[in-house]
Amino acid sequence: MMGQIRLQIVEDAADVARIAAQYLCAQIRERSDAVLGLATGSTPEATYAQLVHAHRQRRVSLSRVRSVNLDEYQGLDGAHEQSYRHYMQRHLFDHVDMRPWNALLLDGTAVDGEAECRAYEERIRAIGGVDLWLLGIGSNGHIAFNEPGSARDSRTRCVSLSAETIADNSRLFTAPTEVPRRAYTVGIATIMEARRVLLLATGAHKARAVSAALRGEEGSHCPASFLRGHSECTFLVDRPAASLLES
Ligand code: PGA
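Just so you know, these numbers come straight off a predicted model, no measurement behind them.

The rules behind each value
Residues numbered from 1 in each chain as written. Predicted model: local features only at pLDDT ≥ 70, side-chain atom pairs only at ≥ 80, totals over all residues. Heavy atoms only, no water. Helix = DSSP H or I, 4+ residues; strand = E, 2+ residues; numbered from the N terminus. Rg over C-alpha atoms; globule rule 2.2 N^0.38 Å. Buried < 20%, exposed > 50% of the residue type's maximum accessible area, 1.4 Å probe, protein only. Contact = heavy atoms within 4.5 Å. Areas by Shrake-Rupley, 256 points an atom, 1.4 Å probe, with all protein chains shown as cover. Near = heavy atom within 4 Å. Polar contact = N/O pair within 3.5 Å; in protein donor to acceptor, adjacent residues only side chain to side chain. 1 Å grid on protein atoms, 1.4 Å probe; cavity = no way out; pocket = protein on both sides within 12 Å on 5 of 7 lines; lining within 4 Å. Sits in = over half its atoms within 2 Å of the grid points. Points joined across faces, edges and corners; volume = space filled by probe spheres on them. Arc of directions from axis to C-beta. Pairing = 2+ DSSP bridges. Axes fitted to C-alpha atoms, helices over the stretch in contact; angles between N-to-C directions.

1. What about the overall build of the protein chain?
Then, in step 1: Counting secondary structure elements, the protein chain contains seven helices and 10 strands.
Then, in step 2: In terms of C-alpha radius of gyration, the protein chain reaches 17 Å, essentially the compact-globule figure of 18 Å for 247 residues.
Then, in step 3: Overall, the protein chain is about 45 × 40 × 40 Å in size when its C-alpha atoms are taken along their principal axes.
Then, in step 4: Per-residue burial over the protein chain gives 56% buried out of 247 residues.
Then, in step 5: Counting contacts in the protein chain only where the partners sit at least 6 residues apart, residues at least 24 apart contribute 79% of the total.
Then, in step 6: Entry remark: accessible area of the protein chain is about 11,000 Å², with carbon and sulfur atoms responsible for 49%.

And the structure:
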């Protein structure tokens, strides 16, 4: 079924985090063993902080929750500070009651990358698919590491990162040359199979990508635009990220 993206514009990044955490909590309350699709990056950090807060206040338990992450840098093992496994430990897993064996992440150091990608798709299917997938958006319109040029029917695979993504992410590494050039990512088709999708965007540097995703031509040049074909997708954005939508 084709849907229309629901656009929710809120005041600032703090509101995005508060409301995104409410979506996650509602999903977990609806189904205590919900499968959450999780994103990394700067945007969802505050959302995870809100979720941790809700857990500490005993408003939500993640003891039965399963999770699937979007992507991982190739070559970084889970102990590397910039690996996405490390990020998830730091921002969420270490602070809630999720069982470690219920968290599914791609292994950046897999010897057989193709087998790793195939197994990831199989594992997602085996746990019944993703109920709610939390996404960020790249300044170039990517979702996960599906860079411009990614196909609508793409699946979990190893990709080369675009120059824009390497530049965007270099702030987190000691030098731009330290940023891995390749990464494992779920595909666009993998994301589209989630029952619900919640994309977060904050800040003026995301305005062009948000506008292209919602109002530009749909296609591979802006992978996030494919979400228009999803039956239950919400874009939760703050005013700066929505600033090019009104004009
Ligand atoms: P960011 O990354 O949240 O760090 O801006 C988003 C993304 O690249 O998907």
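So that's the structure; there's more coming.
2. A few points about the site of the ligand
Then, in step 1: Around the ligand lies a shell formed by Gly 41, Ser 42, Thr 43, Gly 136, Ile 137, Gly 138, His 142, Arg 171 and Lys 206.
Then, in step 2: In the environment of the ligand, an oxygen atom lies 3.1 Å from a nitrogen or oxygen atom belonging to the side chain of Arg 171.
Then, in step 3: A total of 280 Å² of accessible area belongs to the ligand in isolation, and the protein chains cover 83% of it.
Then, in step 4: With respect to the detected pockets, the ligand is housed in the largest pocket.

3. Section: the layout of surface pockets
Then, in step 1: Considering only enclosed or pocket space, the largest pocket measures out at about 550 Å³ in volume.
Then, in step 2: Taken together, 29 residues make up the lining of the largest pocket; nearest its centre are Gly 41, Ser 42, Thr 43, Ile 137 and Lys 206.
Then, in step 3: Those elements that provide at least two residues to the lining of the largest pocket are helix H1 (13–30) and helix H5 (163–169).
Then, in step 4: Top contributing element to the lining of the largest pocket by residue count: H1, with four residues.
Then, in step 5: When its volume is computed, the second largest pocket comes out at roughly 170 Å³.
Then, in step 6: Looking at the second largest pocket, it is lined by 13 residues, and the ones nearest its centre are Tyr 23, Arg 196, Val 197, Glu 232 and Thr 234.
Then, in step 7: When residues of the lining of the second largest pocket are traced back to their parent elements, those giving at least two are H1, strand E9 (196–201) and strand E10 (233–238).

4. Points about helix H3 (residues 84–91)
Then, in step 1: For H3, the set of buried residues is Tyr 84, Tyr 87, Met 88 and His 91. All buried residues of H3 project into a common sector of 95° when viewed along the axis, lining one side.
Then, in step 2: Looking at the buried side of H3, the elements it contacts are strand E2 (35–38), helix H2 (45–56), strand E3 (66–69), strand E4 (71–73) and H5.

5. Regarding the sheet that holds strand E8 (residues 182–185)
Then, in step 1: An order of E4-E8-E7 is seen for the three strands of this open sheet, with the pairing classed as antiparallel. Two strands bound the open sheet, and with one partner strand each, they are E4 and strand E7 (157–160). Across the sheet, the mean angle from the axis of one strand to that of its neighbour is 30°, orientation sign disregarded.
Then, in step 2: Relative to E8, E4 runs antiparallel, the two being bridged by three bridges. Bridge pairing links Asp 71 to Thr 185 in E8.

6. So, unusual backbone geometry
Then, in step 1: For Arg 58, which is not glycine, the phi torsion reads 60° and is therefore positive.
Then, in step 2: Examined against the element boundaries, Arg 58 turns out to sit in the loop between H2 and E3.
Then, in step 3: Under the relative-accessibility criterion, Arg 58 is labelled exposed at 77%.
Then, in step 4: Here the phi dihedral of Ala 144 falls at roughly 50°; this positive angle occurs in a residue that is not glycine.
Then, in step 5: Mapped onto the elements of the fold, Ala 144 is located in the loop between strand E6 (132–135) and E7.

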